[in-house]
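Here is what each chain is made of, one letter per residue.
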Amino acid sequence: MQLRGSAKALGDALAVLLVLVLPGCTPPLALDPQTPQGRAVAGLIWWFTGLCTVIWILVLLGLAFAIWRPRLVPADPLALDQRAERRSGRVVAVLIGLTGVIVIGLTVLSFAAQRQLFEPADGALTIDIVGHQWWWEVVYNSPDSSQTLTTANEIHVPVGRPVTLDLTSNDVIHSFWVPSLMGKADLIPGRHNDLTFTAEKPGIYNGSCAEFCGMQHAHMGIRVIAETPSDFEAWRRQQLRSAAPPASESAKRGEALFESSACAFCHNVSGTPASGQVGPDLTHLASRSSLAAGTLPFGRGQLAAWIADPQGIKPGAQMPDVRLAPDQLNAMLDYLMGLK
Ligand code: CUA
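Residues numbered from 1 in each chain as written. Predicted model: local features only at pLDDT ≥ 70, side-chain atom pairs only at ≥ 80, totals over all residues. Heavy atoms only, no water.

(A) A look at the pairing of strand β6 (residues 174–177). Across three bridges, the pairing between β6 and strand β7 (residues 185–187) is antiparallel. Looking at β7, one finds that Phe176 is bridged to Ala185. Inspection of the sheet shows β6 paired to strand β9 (residues 203–209) by two bridges, in the antiparallel sense. When the bridges of β9 are listed, Phe176 appears paired with Cys209. (Pairing = 2+ DSSP bridges. Helix = DSSP H or I, 4+ residues; strand = E, 2+ residues; numbered from the N terminus.)

Right under this line is the structure:
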């Protein structure tokens, strides 16, 4: 316990030092863990960093000693000094032994952290995550299909309950990483990996894809929103509803346009004929806080920009340029902004 306390104090001191040395920077999120799984990873990082730092300093001290120690030049430089030979033999043997102990020790630490990270949790909420170029499909599956809901890029979870993410990809390899909550795991086509974490306090935790997956890899943000169980349940019920019907004449025109254009081939809006499965589900688009996987904050202006020029904002994205006249774009925005 004492040792843990001092390790934590040392960790905090180093984090503070980093902040002081790098003005304007906050400690990396992986070193500011908010879950038991996050703490297991952070502990491992500190152990590796601490031990490697000590070894590095000792090696440099040894080197400095070897360079600067006073020595007598023997009369015959080629003559073997048996005592010195035996001494250096012993030093090398001790160092080889120590290296073995350190490597085994770090392996055991690493194994223990892995166990903690991938331990199956009882009563976990399972969420399926499918990686796409370049967004995240998020499915809360239920044996009862009327209780299954699909959303994108933002993952709501209740605090205090373990959450298991079932990760796969439908195109290339992506990697799911929200540093303050958990370790990192790849999303591989045709394979299912999982990650478990238990959020301890409500909050918004940001992450991103951590494996280069093409041109817009850097625009593949993840947001985990941890909320109290009652807030989570309210959110879930709201998301299970069909899309809100358009509230104005203009929004009605927008809906008709959406359903008669290319939009409906790619996007699903529950309760309407739009049932495309290529792009993100838009049933409750306006309840999200960002657009295009965290590329833009959510807002009418940003949505207008995204629809008008997706290739300017996220070149290479699957979203095509849909040519709309200004009044059509306005109607479309009235419709989409109503999808709360
Ligand atoms: Cu997906 Cu990088």
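Back to the write-up after that little detour.
(B) The arrangement of helix α4 (residues 229–240) in detail. Taking 1.5 Å of rise per residue, 12 residues should cover 16 Å, and α4 covers 16 Å from first to last C-alpha, within 8% of that figure. Three or more residues of α4 are buried, namely Phe232, Trp235, Arg236 and Gln239. Here the buried residues of α4 occupy an arc of 100° about the axis, which is enough to place them on one side. Facing away from the buried side of α4, by more than 90 degrees, are the exposed residues Ser230 and Arg237. Summarising the contacts, the buried residues of α4 are in contact with β1 (125–132), β2 (135–140), β3 (149–152), β4 (154–158) and β10 (221–227). (Expected span 1.5 Å × (residues − 1). Buried < 20%, exposed > 50% of the residue type's maximum accessible area, 1.4 Å probe, protein only. Arc of directions from axis to C-beta. Contact = heavy atoms within 4.5 Å.)

(C) Representation of helix α7 (residues 300–308). What α7 keeps buried is the set Leu303, Ala304, Trp306 and Ile307. Looking down the long axis of α7, one finds its buried residues gathered within 165° of arc, a one-sided arrangement. On its buried side, α7 packs onto β11 (290–291), β12 (296–297), α8 (310–313) and α9 (326–337).

(D) Spotlight on the side chain of Thr198. Looking at the element boundaries, Thr198 is found in the loop between β8 (193–197) and β9. Look at Thr198 and you get buried, because its relative accessible area is 15%. Beyond its immediate stretch of four places on either side in the chain, Thr198 contacts Thr35, Pro36, Gln37, Gly160, Arg161 and Pro162.

(E) Layout of the packing of aromatic side chains. For the coordinates displayed, the defined rule picks out five aromatic pairs. Counting every residue linked through ring pairs, the aromatic cluster contains Tyr140, Phe232 and Trp235. If you follow Lys184 out to its NZ or CZ, it ends over the ring of Trp177, 4.4 Å from the centre. (Phe/Tyr/Trp six-rings, centres within 6.5 Å; stacked < 30°, edge-to-face > 60°. Lys NZ or Arg CZ within 6 Å of the ring centre and 35° of its normal.)

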